[in-house]
Amino acid sequence: MQERARATRRALLESAAYLFLEQGYAGTSVTDISDHSGKTSGAIYFHYSSKENLALAVVREQFASWPQLVTPYAAPGVPPLEKLVALSFSIARALSEDTVARAGARLWAERRSIDAAVPTPFDAWVPAVTRLLAEARIRDELADGIQPSETAATLVCAFFGVCSLGDDVPGRRHWSDRLERWWSLVLSALQAHPDPGTLIAQAQMRTPSRQEATTHLDRQSE
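All figures in this text were calculated on a predicted structure; none of them were measured in a lab. (Residues numbered from 1 in each chain as written. Predicted model: local features only at pLDDT ≥ 70, side-chain atom pairs only at ≥ 80, totals over all residues. Heavy atoms only, no water.)

### Brief notes about the packing of aromatic side chains
Part 1 of the reasoning: As enumerated under the stated definition, the model contains five aromatic pairs in all.
Part 2 of the reasoning: Between F20 and Y25 the ring centres are 5.7 Å apart and the planes differ by 35°, which places this aromatic pair in the tilted class.
Part 3 of the reasoning: When its relative accessible area of 0% is taken as the criterion, F20 is described as buried.
Part 4 of the reasoning: Classification of Y25 by relative accessible area gives buried; the value is 4%.
Part 5 of the reasoning: Here a set of aromatic residues connected by ring pairs shows up, and it is made of F159, F160, W182 and W183.
Part 6 of the reasoning: Above the plane of the ring of Y48 lies R9, whose end atom (NZ or CZ) is 4.4 Å from the centre. (Phe/Tyr/Trp six-rings, centres within 6.5 Å; stacked < 30°, edge-to-face > 60°. Buried < 20%, exposed > 50% of the residue type's maximum accessible area, 1.4 Å probe, protein only. Lys NZ or Arg CZ within 6 Å of the ring centre and 35° of its normal.)

### Observations concerning the nonpolar core
Part 1 of the reasoning: Within the largest apolar cluster, 37 residues are counted, with the highest numbers of intra-cluster contacts made by L133, L155, F159, W182, W183 and L190.
Part 2 of the reasoning: If you tally residues by element for this core, the top one is helix α5 (residues 80-97), at ten residues.
Part 3 of the reasoning: In this view, F159 contacts S88, I91, A92, L179 and W182; residues no more than four positions away in its chain are not counted.
Part 4 of the reasoning: Core analysis: the next-biggest nonpolar cluster, separate from the first, contains 25 residues, L56, V58, V100 and L107 among them. (Core = buried A, V, L, I, M, F, W, Y, C linked by side-chain atoms within 4.5 Å. Helix = DSSP H or I, 4+ residues; strand = E, 2+ residues; numbered from the N terminus. Contact = heavy atoms within 4.5 Å.)

### Here's the deal with the environment of D123
Part 1 of the reasoning: Inspection of the secondary structure assignment puts D123 in helix α7 (residues 122-138).
Part 2 of the reasoning: Among the residues examined, D123 registers a relative accessible area of 60% and is labelled exposed.
Part 3 of the reasoning: On a C-alpha basis, the gap between D123 and A153 in space is 9.8 Å, while along the polypeptide they are 30 residues apart.

### Comments concerning the packing of helix α2 (residues 30-37) against helix α3 (residues 41-48)
Part 1 of the reasoning: Interhelical geometry of α2 versus α3 gives an angle of 105° and a closest axis separation of 9 Å. Taken together, the axes of α2 and α3 are roughly perpendicular relative to one another. The segment α2 lies against α3, with V30, I33 and S34 engaging S41, I44 and Y45.
Part 2 of the reasoning: Across the contact of α2 with α3, the residue classes break down as four nonpolar, two polar and no charged. (Axes fitted to C-alpha atoms, helices over the stretch in contact; angles between N-to-C directions. Parallel < 35°, antiparallel > 145°, perpendicular 65-115°, else oblique. Nonpolar A, V, L, I, M, F, W, Y, C, P; charged D, E, K, R; others polar.)

### What to know about the confidence of the model for the protein
Part 1 of the reasoning: Chain-level pLDDT for the protein is 86 on average; 85% of the residues reach the 70-or-more range.
Part 2 of the reasoning: Across the protein, α2 holds the top mean pLDDT of 96, while helix α11 (residues 210-221) sits lowest at 45.
Part 3 of the reasoning: Here residues 211-222 scores under 50 on pLDDT; set against residues more than four positions off or in separate chains, the count is eight contacts. (pLDDT = per-residue confidence, 0-100.)

### Examining α2
Part 1 of the reasoning: For α2, the set of buried residues is V30, I33, S34 and S37. Along the axis of α2, the buried residues cluster in a sector spanning 100°; they form a single face.
Part 2 of the reasoning: Downstream of α2 by a residue or two, G38 has a phi angle that is positive, lying close to 80°. (Arc of directions from axis to C-beta.)

### Notes on the pattern of salt bridges
Where charged atoms from two side chains of opposite charge approach closely, those side chains can pair.
Part 1 of the reasoning: Scanning the entire structure with this criterion turns up five salt bridges.
Part 2 of the reasoning: For R10, the salt bridge is made with E61, and the minimal N-O distance between the two is 2.7 Å. Of the two residues, R10 is situated in helix α1 (residues 3-23) and E61 in helix α4 (residues 51-70); the sequence distance between them amounts to 51 residues.
Part 3 of the reasoning: Between E110 and R106 there is a salt bridge, with its nearest N and O atoms 2.6 Å apart.
Part 4 of the reasoning: Judged by relative accessible area, which is 22%, E110 ranks as partly exposed.
Part 5 of the reasoning: Among the charged side chains, a salt-bridge network with shared partners connects R10, E14 and E61. (Salt bridge = Lys/Arg side-chain N within 4 Å of Asp/Glu carboxyl O.)

### Observations regarding the packing of helix α9 (residues 175-190) against helix α10 (residues 196-206)
Part 1 of the reasoning: Relative orientation of the contacting elements α9 and α10 amounts to 130°, with a least axis distance of 9 Å. The pairing of α9 with α10 is recorded here as oblique in orientation. Considering the relative orientation of α9 and α10, their crossing is right-handed. Side by side, α9 and α10 meet where E180, W183, S184, L187 and S188 of the first sit next to P196, L199, I200 and Q204 of the second. (Left-handed = near helix turned anticlockwise from the far one by under 90°.)

Below, the structure written as structure tokens:
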């Protein structure tokens, strides 16, 4: 794809993400995206063919960046529960601070208003969390009675709930504070020898800053 066409597609995707986030899918029109991006409606239909396809592109863009977030935690020797907590902070930062990620999450929540099959985040994350919990089980780091596959599905659903609903909870706190409190509760039940504070602190030390994460993703896309 030529550089000019690539830049146009990116501009349209970012404008659409901003508007979907601010106004919702139903409240955003092709004309809105055209006006915000400075591109013609014809350009939108040429590159994406419909508002539905543009919404799907935003969701896929969000999901496409997530496997790259896993890379910093792939080093051998890092305890699996520590990897899991550290990774969750990177994902939560994206869902709280990145416009495309936040728009993708809102579009998934509004998926029934979109006349297309919207990809789900759970298909990718439940198996990944299951693997980490299974590793923790082998290392005797899980409490008795914790089943990796069943627990993984519950954790993933609860995690996305914390990320997506936290801003509406009374006494609003920063996303990192909310996630830390959530993990304190979860790890108390999850760990064979509960020490949530130490594990969370170690995981946060491994979590890249926003600037480091952005630099890493930019290098991965080159």
